[in-house]
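One-letter residues, chain by chain:
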Amino acid sequence: MTLEELAVGSAAVVTTVGGQGALRKRLLDMGLTPKVTVSVRKIAPMGDPIELTLRGYTLTIRREEARKIEVRPL
Amino acid sequence: MKELTFALIGNPNCGKTTLFNQLTGSNQHVGNFPGVTVDKKEGRVRSHPDVVVVDLPGIYSLSPYTAEEVVSRDFLLHGNPAGVINIVDATTLERNLYLTLQLVELRIPTVLALNMMDEVRANGGYIDVAAMEAELGIPVVPISASKNEGVEELCSRAIRAAREKALPRRVDFCTGEVHRAIHSITHLVEQKAELAAIPARFAASKLAEGDPLMADSLHLTESERHLLEHLLSEMEAAHGMDREAAMADMRYTYIEKLCAQTVVRPGDTKEQLRSVEIDKVLTSKFWAIPIFFGIMVTIFFLTFGLIGPFLNSIMEEALDLVALGLSGALVRWGVNPTLRSLVLDGAFAGVASVLSFLPTIVTLFFFLSLLEDSGYMARVAFVTDRLLRRIGLSGRSFVPLLIGFGCSVPAIMATRTLASERDRKMTIRLTPFMSCSAKLPIYSVFTLAFFPKHRALVMCCLYFGGMLVGILYGLLLKNTAFKGNPIPFVMELPAYRLPSPKSVLLHMWEKAKDFLVKAFTIIFVASLVVWCLQSFDFGFNPVDDSSRSMLASVSRLIAPIFIPLGFSDWRAATALVTGLSAKEAVVSTLSVLLGAGDAELPTLLAGFFTPLQAVSFLTFTLLYMPCVAAMAAVKREMGGWKAAVSLMAQQTGVAWLVALFVYQGGRLLGLG
């Protein structure tokens, strides 16, 4: 499944990070790498973007990006 | 002893600015990096006057994608810093050290500053500094920038490292296939890297990531590129990940191991837990938007309704006193009336109009610094992102655009906090379409004259009309000048922290100084020019009747441009020209030229324009180029007159077209 489909409050392990170019590089640089554990904390009031926690900090990305990240739920 | 230059670098929100302020106090100079509008802050260290610190933009990685990353990289590679001070947030160490691993490859003496150690300790955490030093091969100094703890030790360790030219003792953090690939690549490009003055190891890592800039800056030949590709494909096959992911994975795997050995972290810190609680309200489904608008309304009320006018009235009284004294003195010295008018109505009025922006700017930036430094601005971006995405911007642009409704000058200056140069430039282009508060007197007089029963409705239409044109213009920009991939909206939500008064005050001071220095000349000269045009005819004889002035002649010349818009009278054109010095001037000019007192103006206007002409005039006034103070800000933030002039031309063009559409459309509907 993708990170976008992950329910609020649940955690998963990233398997692959899709996308390309600057965007993908940014996701990887921010620590969204394969094998990392990430959980979804919240969805923004207007339904997008989403709030994640990983590596001890809080990150927000848009659904569009979350859709490109494959995860394995824990 | 020789002067030392240090580069200060770190992630956004890690306390870099606080540390920079602690180090340099008010000995700062803010400029731009060459060719881009990315802040370059420089300052001398208070306790070591022979040490200069350059504050590089906050970045997460030395990737080649944003202007911020590129200028940081260029400065580190070619700016010859004697040392690097890498500041990291010790409460989110894993992500922060990612940049560190890239920095040590640069072969520059580097010191790691572990910031926010007070928070780590208060939370029962522990970092084995000695072990981390041994592992990373660079000096590690625990500090708390906001409490000024450890900063002096950081300075002395950094200076010692730079004087002794102590290079990082370790650059190798990789294992397995990635290790093999990087070593082969290092070998392959060693000579080319030396020729290009780029550390071979850094070059190899960047090539291994598939960095498009690096292969070009090394001038690799076709066969070298071929071999490189071969090495990388082999690595990808063996590692089971593509090159970008493999390199990021390699660094993070090392960092995880390092943190497991040296860091004791008993869960989230107090500040992080508190932030989660605060966000349960501030970014909640129901309260987020009302609270945000509540905060903005409060800021607007305080800035434009309370503190701004209060400061302004004090300043005006002071200025009046000076003007009175000056005028008396000029009379006493027997200065002739024209020169007296030049000094008082030209020069002094110019100074006063520059200063009149100051209270707003200072007050607004006080609040903006609070929003930014507390961490709330990132939440605003989170909440409003969806609204701005359609026009190719992110939620980060929301606050600057909103401030545009108050005054374009601080709004344009506020775009500095946007994370990317592209977003900054695009936001600046859209800001002037948000109707600023100086246009309110114009709307007020016109609606009173033409639509006394529907004043609020007409004003709302104007405000929303401006926003609508801004949105359409944004869509146009997104598909033309700003085409291509926008910078991704991948944003950290930092923990809420109390802003440090020192940082807030310095920020206010910096913005005020910036505005005064940069805008003074432009606004001052513009006021003098307008005064000259108003007071003389072409023979430079002083005129009593303003219809014979140069301004009137020039306006008569440009008036035909407005014929298709329905108002060809030179007096309307004159009002628009004087409106460039400040938009309120449109009203005062019209009342002078129509020979009206303040009370009679609406009546006279009703005879001067038809309602449709008035709407067309209002539309043009709403959208045409901003005042000179805003232009000065645009010039500064867009990095030159060329960009500023193009913005002026585009906005005036848009205004002309929309007013044409309104007037001719109205006529077709039989409203004229």
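Structural notes, computed from the coordinates. (Residues numbered from 1 in each chain as written. Chains lettered and ligands numbered in written order. Predicted model: local features only at pLDDT ≥ 70, side-chain atom pairs only at ≥ 80, totals over all residues. Heavy atoms only, no water.)

Moving on, we get to the pattern of salt bridges. Under the definition given, this model contains 45 salt bridges over all chains. Among the ionic pairs, A:Arg24 bridges to B:Glu244, the shortest N-O distance being 3.0 Å. With A:Arg24 in helix H1 (residues 21-29) and B:Glu244 in helix H11 (residues 243-262), the pair connects residues from two separate chains. Per residue, the accessibility class of A:Arg24 equals that of B:Glu244, and both read buried. One salt bridge connects B:Glu372 with B:Arg396, and the closest N-O pair in it is separated by 3.5 Å. Of this pair, B:Glu372 sits in helix H15 (residues 358-374) while B:Arg396 sits in the loop between helix H16 (376-389) and helix H17 (398-403), and the two are 24 residues apart along the sequence. Residue B:Arg396 is classed as buried on the basis of its relative accessible area of 18%. (Salt bridge = Lys/Arg side-chain N within 4 Å of Asp/Glu carboxyl O. Helix = DSSP H or I, 4+ residues; strand = E, 2+ residues; numbered from the N terminus. Buried < 20%, exposed > 50% of the residue type's maximum accessible area, 1.4 Å probe, protein only.)

Here we come to the side chain of B:Ser72. Inspection of the secondary structure puts B:Ser72 in helix H2 (residues 67-78). Filtering out sequence-adjacent residues up to four positions away, B:Ser72 remains in contact with B:Ile9, B:Leu56, B:Pro57 and B:Ile59. (Contact = heavy atoms within 4.5 Å.)

On to the nonpolar core, then. Counting residues in hydrophobic clusters, the biggest one holds 100 residues, and the most contacted among them are B:Val409, B:Phe446, B:Leu605 and B:Phe609. With residues near it in sequence (within four places) discarded, B:Phe609 still touches B:Phe446, B:Phe450, B:Phe567, B:Ala572, B:Ala614 and B:Phe617. (Core = buried A, V, L, I, M, F, W, Y, C linked by side-chain atoms within 4.5 Å.)

Residues and elements named next belong to chain B. Among the structural elements, Thr 589 can be located in helix H25 (residues 585-593). Spatially, the C-alpha atom of Thr 589 lies 7.1 Å from that of Thr 578, the residues being 11 residues apart in sequence. Once residues lying within four places of it in the same chain are set aside, the contact partners of Thr 589 are Thr 574, Ala 575 and Thr 578. Within polar-contact distance, the side chain of Thr 589 engages the side chain of Thr 578 at 2.6 Å. (Polar contact = N/O pair within 3.5 Å; in protein donor to acceptor, adjacent residues only side chain to side chain.)

Let us look at the interface of chain A and chain B. Where interface size is quoted, it is often the accessible area lost as the parts come together. Across the contact, 34 residues belong to chain A and 46 residues belong to chain B. Between chain A and chain B, the buried area comes to about 3,600 Å², and carbon and sulfur atoms account for 59% of it. At the junction of chain A and chain B, the tally comes to nine salt bridges. Here A:Arg55 makes a salt bridge to B:Glu256, at a shortest N to O gap of 2.8 Å. Along the contact surface separating chain A from chain B lie 22 residue pairs in polar contact (both at pLDDT 80 or more). Taken together, the elements giving at least two residues each to the side of chain A that touches chain B come down to H1, strand S2 (37-43), strand S3 (50-54) and strand S4 (57-61) of chain A. For the side of chain A that touches chain B, the per-class residue count stands at 15 nonpolar, seven polar and 12 charged. (Buried area = accessible area lost by both parts, 1.4 Å probe. Nonpolar A, V, L, I, M, F, W, Y, C, P; charged D, E, K, R; others polar.)

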